[in-house]
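As a plain string of letters, each chain reads:
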Amino acid sequence: MIDVLPTSRAPMRGFVDKLMALEEDGTALSISAIHGFMAGDAPDLGAKIIVVSDGDKPAGNGLSHDPGMELFSFRGATKPEFLAVEDALVRARDAKAGPVVIADVWDNPGGGVAGDSTILLRTAIEMNMTSIALGTIWDPMAVRLCHAAGEGAVLDLRFSGKTSAFAGAPIDATVTVVKTA
């Protein structure tokens, strides 16, 4: 099973709390829900329950059954609302209070993609949004160029959007290197 299982709200929040209680009361040394990754293209990326017990494999195997079945029962019922990029940015721009966090659920390096999507950033630029922060974009060559230029440097830079035709085109911009570390 592969599904969207956000742990910050019900029913997953309560499910994770139950797993943590099993650790706290000593029933298991560790018990974890592995969500899987929808963007990953490998057969072993589905949801799993991992139990670590203190040398009692049968007890650990037994302990994984009920949470595993409960996790499976959430199939198709926990997906949050997904918005088009423009709609998400309009909602963020028009929010009465902040900060507002938007996640590009498909540009998740843990799910098998590069993490260099420009789709959110390009749309925000096109919408003339200025009071935003975006992080992170993976582009080691752009980072190397900024380090070489040094703090305070202003340079023309092409960054991100290089690893997939589906993650947006690279962005060409004049940038200021504010800080290097």
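Above this text is the structure in question.
Quick notes on the rules
Residues numbered from 1 in each chain as written. Predicted model: local features only at pLDDT ≥ 70, side-chain atom pairs only at ≥ 80, totals over all residues. Heavy atoms only, no water. Helix = DSSP H or I, 4+ residues; strand = E, 2+ residues; numbered from the N terminus. Polar contact = N/O pair within 3.5 Å; in protein donor to acceptor, adjacent residues only side chain to side chain. Contact = heavy atoms within 4.5 Å. Buried < 20%, exposed > 50% of the residue type's maximum accessible area, 1.4 Å probe, protein only. Pairing = 2+ DSSP bridges. Phe/Tyr/Trp six-rings, centres within 6.5 Å; stacked < 30°, edge-to-face > 60°.

So, the side chain of S117
Thinking step 1. Structurally, S117 can be placed in the loop between helix 3 (85-94) and helix 4 (119-126).
Thinking step 2. Polar side-chain contacts of S117 include one of 3.4 Å to the side chain of D104.
Thinking step 3. In terms of polar contacts, S117 uses its side chain to reach the backbone carbonyl oxygen of A167, at 3.3 Å.
Thinking step 4. Excluding anything up to four places from it in sequence, S117 contacts D104, D107, I137 and A167.

Points about unusual backbone geometry
Thinking step 1. Cis geometry marks the peptide bond from A10 to P11, where omega comes out at 5°.
Thinking step 2. A positive phi angle, close to 60°, is found at N128, a residue other than glycine.
Thinking step 3. With phi around 60°, S160 is a residue other than glycine that occupies positive phi space.

Some points on the pairing of strand 1 (residues 30-34)
Thinking step 1. In strand 1, alternate side chains face the same way, and those of I31 and A33 are buried while those of S30, S32 and I34 on the opposite face are not.
Thinking step 2. With five bridges connecting them, strand 1 and strand 2 (residues 48-52) associate as antiparallel partners. Note that in strand 2 the partner of A33 across the bridge is I49.

A few points about the packing of aromatic side chains
Thinking step 1. Enumeration according to the criterion identifies one aromatic pair in this entry.
Thinking step 2. Ring geometry for F15 against F74: centres 5.6 Å apart, planes inclined by 90°, an arrangement best described as edge-to-face. Of the two residues, F15 sits in helix 1 (residues 12-24) while F74 sits in the loop between helix 2 (57-73) and helix 3, which places them 59 residues apart along the sequence.
Thinking step 3. By relative accessible area, F74 is classed as buried at 8%.

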